[in-house]
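# Tertiary structure, described
What follows is each chain in one-letter form.
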Amino acid sequence: MADPYHNNIYHQGGGDTFGTYGEGGVHEGYGYQTDYPPQEEDAASDVTEGHDEEDQMYEGEYQGIPHPDEVKAAQRAARTKARAAGSAVSELQELSEQYEDIMEDCGHGKFQWTLFMVLGLALMADGVECFVVAFVLPSAEKDLCLSNAEKGMLGLTVFLSMMVGAFLWGGLADKVGRRRCLIVALAINCVFAFLSSFAQGYGFFLFFRLLSGIGIGGSVPIVYTYFSEFLQMDKRGEHLSWLCMFWMIGGIYASFTAWGIIPRYGWGFSMGTEFQFHSWRVFVLAAAFPAVASLVGLTFMPESPRFLLENAKHDEAWMILKQVHDTNWRAKGQPEKVFTVTHIRAPKTAEDEFIEIQSATGTPVQRWAVRSLTLCKLVLKNVASLLSAELRFATLFMAIIWFCMAFSYYGLSVWFPDMIKHLQYEEYESKIKVFHKERVENFHFNFSLENQIHKEGEYIHDKFISLEMKSVKFEDSLFEDCRFEDIRSTDTVFENCTIHSTVFHNTDLWKEKFIGCRMENTTFEHNKHGCHLDTIEENDVLIYLVSFLGSLAVLPGNIISALFMEKIGRVKIIGGSMLISAGCTFFLFLSFSQSAIIALQCLFCGVSVAAWNGIEVVTVELYPASKRATAFGVLNALCKLAAILGSSIFSSFVSITKAIPILLSFTALVCGGLVALRLPDTREKILM
């Protein structure tokens with residue numbers, strides 16, 4: 001297609017050619033030259049060679065529909081005319097309009113797609129982090145001897161640490177830099193994820209996962225902020241929505257790797273009894289791969305030029321914008337296009353001067369302390385500014401939408417698999433076998449006992465050798481001169497039993513499993529201490545399958561929202577998706593089998609993902625560059641808080657009633673959806 005800007009030479013009046021913005025030359029503060037040198041007739045790229053201009057005719061021309069490039073050129077001309085006429089615009093508005101013009105000239109191409117993949121891996125790492133503990137917990141609880149309270153704390157730590165990370169790194173990214181903060185955050189995640197895989201005790205494992213979560217918590221607010229500042233206005237909504245797909249890919253990756261690694265117990269090794277490295281630890285290492293890959297890729301990516309301009313680093317920003325321009329046009333086969341920007345407005349703020357003055361005095365330790373303290377004050381000041389008069393309502397509306405969406409989504413995401421487990425447990429209990437007043441003498445038990453209750457039985461001279469007891473309960477029974485050897489047990493107890501002259505050799509039947517029992521002349525030899533992995537119960541394939549299907553189900557919603565984000569608008573997509581998701585929750589009243597729950601989980605995830613995409617796009621577009629990452633971090637931290645509340649509240653009703661979780665999620669989604677419809681439309685808004 002021919003250059004839509006006619007080599008960016010603007011014609012006005014009687015054929016005079018102007019190469020600058022504004023009338024009669026360069027406007028104050030601008031040296032933005034846009035006149036590319038004329039191209040030779042044979043300078044067309046190989047891609048367009050052999051095609052004439054008639055072949056490139058826009059099909060809407062016959063219907064009087066303006067070409068999108070003509071609309072874009074008209075918008076740019078209007079902005080230029082307003083500046084030339086001396087209209088009263090703020091310094092931020094001038095920078096924003098100029099930056100948008102530059103990004104349009106740089107085009108969308110190879111550079112953005114490369115950055116898209118690198119940042120997508122970081123977003124994928126965030127998605128994986130949400131699944132890691134859930135997948136390893138069934139095995140880790142045996143390997144680390146976890147109580148129910150410790151398991152709950154470990155699950156809570158994931159969202160708690162990510163909440164802290166989102167707030168911390170989001171605030172720092174607006175003051176230190178998007179790229180720098182993302183690199184440090186991912187490095188922290190990688191290091192402590194690696195260490196957690198080798199932690200042998202619960203305390204160290206919890207501590208390392210906490211720090212790992214704080215690191216990865218910064219990925220979401222920084223990734224969207226970083227990528228948006230390399231996108232022009234008409235590409236922003238669609239490509240940020242495509243980026244959201246990597247969170248789904250993270251869930252699929254976590255499900256597949258967990259399914260393929262954790263049940264493979266031969267993949268681990270041990271060094272005596274003190275150091276065990278089972279297969280679930282291998283999965284923890286594999287889960288860190290997206291973060292490592294993104295970290296490597298980021299070392300080749302530049303800082304956001306918009307951030308640099310906000311911090312008065314004109315020369316660095318110019319070099320990066322030239323790199324983006326040259327990379328894109330060279331990949332399109334037009335290396336002759338020249339980047340002609342000579343000056344970009346970059347105001348120097350009082351904050352920068354304050355830091356420079358204070359950091360240039362005192363000892364190195366004093367300078368570090370002053371810089372750190374000043375940085376903390378600036379971050380907190382930036383957070384407080386989100387409630388200023390011009391941002392107050394936007395922040396309030398977005399906080400309500402983020403909270404309502406996260407409360408319902410994460411609450412139901414925990415509730416769905418918990419309900420499936422509850423239904424499985426009810427079905428398992430319904431098949432329990434009860435043996436009453438049985439008498440067994442001189443018998444050799446060498447087969448597994450499962451899902452049984454033995455009441456008032458008598459076992460005389462019996463042997464229980466090399467077997468597994470699973471969900472077995474002995475009540476008011478007598479054991480006389482028996483031998484238990486090489487026993488492995490799960491949910492097995494002896495209650496109010498009398499045990500005489502009995503030997504327990506190499507078993508895991510500890511004294512805690514004998515409740516109210518009377519023992520006489522009973523011996524425990526070489527009992528197994530600590531915990532062990534159960535190779536069957538703890539790794540039900542259904543755990544991985546449900547997570548995989550839930551992640552895969554968002555694919556259609558991702559595609560639809562990306563394709564229609566610019567056509568329908570962010571506000572309608574958010575509001576419509578949340579209201580439709582609310583309606584989906586009522587289908588849970590109609591059918592309540594395991595297959596129905598899985599199907600409804602997929603439906604809910606597929607519909608609600610469009611709302612997530614719209615929320616993230618609008619969050620980027622509502623806030624100026626100096627507060628964008630901070631606002632995203634605060635709102636994402638609120639999202640994690642809502643996730644903690646939702647998952648805790650919903651899971652507490654699993655065995656009680658299904659009505660309350662359904663009504664809570666419905667109410668939250670309707671409330672958030674109605675508030676979303678009150679948001680301003682940001683489709684045509686220049687990124688401030």
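The following paragraphs examine the structure supplied in this document. (Residues numbered from 1 in each chain as written. Predicted model: local features only at pLDDT ≥ 70, side-chain atom pairs only at ≥ 80, totals over all residues. Heavy atoms only, no water.)

Time to look at the overall build of the protein. Counting secondary structure elements, the protein contains 21 helices and 18 strands. For the protein, buried positions account for 51% of its 688 residues. Pairs at least 24 apart in sequence give 67% of the contacts found in the protein among residues at least 6 apart. Roughly 30,500 Å² of accessible area belongs to the protein as shown, and the carbon and sulfur atoms make up 62% of that amount. (Helix = DSSP H or I, 4+ residues; strand = E, 2+ residues; numbered from the N terminus. Buried < 20%, exposed > 50% of the residue type's maximum accessible area, 1.4 Å probe, protein only. Contact = heavy atoms within 4.5 Å. Areas by Shrake-Rupley, 256 points an atom, 1.4 Å probe, with all protein chains shown as cover.)

Before going further, it helps to spend a moment on the packing of aromatic side chains. This model, assessed by the stated rule, comprises 46 aromatic pairs. Ring geometry for Trp-318 and Phe-339: centres 5.7 Å apart, planes at 55°, overall tilted. With a gap of 21 residues between them, Trp-318 in helix H12 (residues 314-331) and Phe-339 in the loop between H12 and helix H13 (350-359) connect regions that are remote in the sequence. Geometry around Phe-564 places Lys-567 over its ring, the cationic atom sitting 5.7 Å from the centre. (Phe/Tyr/Trp six-rings, centres within 6.5 Å; stacked < 30°, edge-to-face > 60°. Lys NZ or Arg CZ within 6 Å of the ring centre and 35° of its normal.)

Let us look at the pairing of strand S15 (residues 503-507). Within S15, four of the five residues are buried, leaving the element largely enclosed by the surrounding structure. One ladder, built from four bridges, connects strand S12 (residues 483-490) with S15; its direction is parallel. Each bridged residue has a counterpart across the sheet, and for Arg-483 the counterpart in S15 is Val-503. Relative to strand S18 (residues 523-525), S15 runs parallel, the two sharing three bridges. Paired with His-505 across the two strands is Glu-525, which belongs to S18. (Pairing = 2+ DSSP bridges.)

Two numbers describe how helix H5 (residues 178-198) lies on helix H9 (residues 279-287): the axes approach to 9 Å, and their chain directions differ by 175°. Between H5 and H9, the interaxial angle falls into the category roughly antiparallel. Along its contact with H5, which presents Ala-193, Phe-194, Ser-196, Ser-197 and Phe-198, the element H9 presents Arg-281, Val-284 and Leu-285. (Axes fitted to C-alpha atoms, helices over the stretch in contact; angles between N-to-C directions. Parallel < 35°, antiparallel > 145°, perpendicular 65-115°, else oblique.)

Taken in spatial order, the five strands of this open sheet run S6-S9-S11-S14-S17, and their pairing is parallel. Each edge of the open sheet carries a strand with a single partner, namely strand S6 (439-441) and strand S17 (518-520). For this sheet the average axis-to-axis angle between neighbouring strands, irrespective of direction, equals 5°. Judged from the three bridges that link them, S6 and strand S9 (residues 458-460) form a sheet pairing that is parallel.

Here we come to the pairing of S12. Regular strands have side chains that alternate between both faces of the sheet. For strand S10 (residues 463-475) and S12, the ladder comprises seven bridges, and the chain directions are parallel. In the sheet register, Leu-467 faces S12, and the bridge partner there is Ile-487.

Glancing now at a nonpolar patch on the surface. A grouping of Ile-559, Ile-560, Leu-563, Phe-564 and Ile-568 is seen on the molecular surface, where their side chains present a nonpolar patch of about 400 Å² in accessible area. Its place among the elements puts Ile-560 in helix H17 (residues 554-568). (Patch = residues over 30% accessible without salt bridge, like charges linked within 9 Å, V, L, I, M, F, W, Y side chains within 5 Å. Salt bridge = Lys/Arg side-chain N within 4 Å of Asp/Glu carboxyl O.)

To continue, consider the packing of helix H3 (residues 110-143) against helix H7 (residues 219-228). Packed helix pairs are specified by the crossing angle of their axes together with the interaxial distance, meaning the distance between the axes. The contact between H3 and H7 brings their axes to 9 Å, and the two run at 165°. The orientation of H3 with respect to H7, classified from their angle, is roughly antiparallel. Taken as a pair, H3 and H7 cross one another with a handedness that is left-handed. Note on element contacts: H7 touches H3 through Ser-219, Val-220, Val-223, Tyr-224, Tyr-226 and Phe-227, opposite Gln-112, Leu-115, Phe-116, Leu-119, Ala-122, Leu-123 and Asp-126. Here the residues of the contact of H3 with H7 are counted per class, giving 10 nonpolar, two polar and one charged. (Left-handed = near helix turned anticlockwise from the far one by under 90°. Nonpolar A, V, L, I, M, F, W, Y, C, P; charged D, E, K, R; others polar.)

A few words now on helix H14 (residues 364-384). Think of an α-helix as turning once every 3.6 residues; residues three or four places apart then point the same way. Helix length check: H14 (21 residues) gives 30 Å between terminal C-alpha atoms against 30 Å at 1.5 Å per residue, within 8%. Looking at H14, one finds that the buried residues are Thr-374, Leu-378, Val-379 and Asn-382. The arc that holds the buried residues of H14, viewed along the axis, is 140°, so those residues lie on one side. Every exposed residue of H14 that faces more than 90 degrees away from the buried side is listed here: Val-365, Lys-377, Leu-380 and Ala-384. (Expected span 1.5 Å × (residues − 1). Arc of directions from axis to C-beta.)

Where charged atoms from two side chains of opposite charge come close, those side chains can pair. As enumerated under the stated definition, the model contains 16 salt bridges in all. Of the charged contacts, one joins Glu-229 and Arg-178 as a salt bridge, the two residues approaching to 2.7 Å between their closest N and O atoms. Remark: Arg-178 occurs in helix H5 and Glu-229 occurs in the loop between H7 and helix H8 (233-261); sequence separation between them is 51 residues. Arg-178 matches Glu-229 in its accessibility class, with the two residues each being buried. The shortest N-O distance in the salt bridge between Arg-483 and Glu-485 comes to 2.9 Å. Residue class for Arg-483 comes out partly exposed when judged on its relative accessible area of 28%. In the salt-bridge network here, residues are joined through shared partners; they are Asp-174, Arg-178, Glu-229 and Arg-628.

The phi torsion at Asp-491 lies on the positive side, around 50°, for a residue other than glycine. Here Asp-491 lies in the loop between S12 and strand S13 (493-495). Here Asp-491 falls in the exposed class, since its relative accessible area comes to 62%. Although it is not a glycine, Asn-506 adopts a positive phi angle of roughly 55°. Relative to the elements of secondary structure, Asn-506 occurs in strand S15.

Let us look at the environment of Gly-237. Locating Gly-237 in the fold gives a position in helix H8. Taking the relative accessible area as the measure of exposure, Gly-237 reaches 0% and is therefore buried. Sequence separation of Gly-237 and Gly-614 is 377 residues, and the distance between their C-alpha atoms is 8.1 Å. Discounting residues that sit within four places of it in the chain, Gly-237 has contacts with Met-565, Glu-566, Arg-570 and Val-617.

Further remarks concern H3. Here H3 contains 34 residues, and its C-alpha end-to-end distance of 47 Å stays within 8% of the 50 Å for a straight helix at 1.5 Å per residue. Helix geometry: H3 is bent most strongly at Leu-137, by close to 55°, with proline Pro-138 lying one to four residues after it. The element H3 is largely enclosed, with a buried count of 26 among its 34 residues. Positive phi shows up at Cys-145, right after H3, with a value of about 55°. (Bend = angle between axes of the 7 residues up to and from the residue.)

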